[in-house]
Amino acid sequence: MRADARRNRERILEAAEEVFAVAGPDASTEEVARRAGVAIGTVFRHFPTKADLLRALMKRLLQQVTDDAAELVASGDPAARCSSSSRGSWNAPPRTGRS
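Here goes a summary of the coordinates provided. (Residues numbered from 1 in each chain as written. Predicted model: local features only at pLDDT ≥ 70, side-chain atom pairs only at ≥ 80, totals over all residues. Heavy atoms only, no water.)

**Description of the overall build of the chain**
This is how the line gets drawn: Only DSSP runs of H or I reaching four residues or more are called helices, and only runs of E reaching two or more are called strands; each is numbered from the N terminus. Residue contacts follow a heavy-atom distance rule, with two residues in contact if any of their heavy atoms lie within 4.5 Å. Here the accessible surface of atoms and residues is derived via Shrake-Rupley with a 1.4 Å probe, and residues count as covered only by protein chains that are part of the display.
Summing up its helical and strand segments, the chain has five helices and zero strands in all. When the elements of the chain are put in sequence order from the N terminus, they spell out α-α-α-α-α. The contacts of the chain with a sequence gap of at least 6 include a subset with a gap of at least 24, amounting to 59%. Approximately 7,000 Å² of the chain is accessible, and the part contributed by carbon and sulfur atoms is 55%.

Shown next, in the form of structure tokens:
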């Protein structure tokens, strides 16, 4: 992947994380594109469907959690570190009342 395409993909994922955290899965891909500073076609070139975008975002977040957990384990007492370091570091999206 070209460097500019890689940067655009990263910007899209960062914007998607913000947009979906606020609006949930019903958020528009147009808003993601606007926040990322790219055209909607660029979003769809990287992620042909909203499901693809959400899947990539969840994969990225899972990798972040996995990396954080590995770091906690490597630092000694993961239970103590986890309870003190995770407060406020992860914000769950607001619940919409839907299941």
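**Section: the environment of Phe-47**
Relative to the helices and strands, Phe-47 is located in the loop between helix H3 (40–46) and helix H4 (50–74). A sequence separation of 38 residues divides Phe-47 from Arg-9, and the C-alpha atoms of the two residues are 9.0 Å apart. If sequence neighbours within four positions are ignored, Phe-47 has contacts with Arg-9, Ile-12, Leu-13, Asp-52, Leu-53 and Ala-56.

**Some thoughts on the nonpolar core**
Put simply, the test is: Put simply, a nonpolar core is a bunch of buried Ala, Val, Leu, Ile, Met, Phe, Trp, Tyr and Cys residues held in one set by side-chain atoms that sit within 4.5 Å of each other. Using a 1.4 Å probe on the protein chains alone, a residue whose accessible area is under 20% of its type maximum counts as buried, one over 50% counts as exposed, and one in between counts as partly exposed.
Of all hydrophobic cores here, the largest spans 16 residues; its most connected members are Ile-12, Phe-20, Val-32 and Leu-53. Every element with two or more residues in this core is listed here: helix H1 (3–23), helix H2 (29–36) and H4. Considering every element that reaches this core, the biggest residue donor is H1, with six residues. For Ile-12, the contacting residues outside a window of four places in its chain are Val-32, Ala-36, Val-38, Thr-42, Val-43, His-46, Phe-47 and Leu-53.

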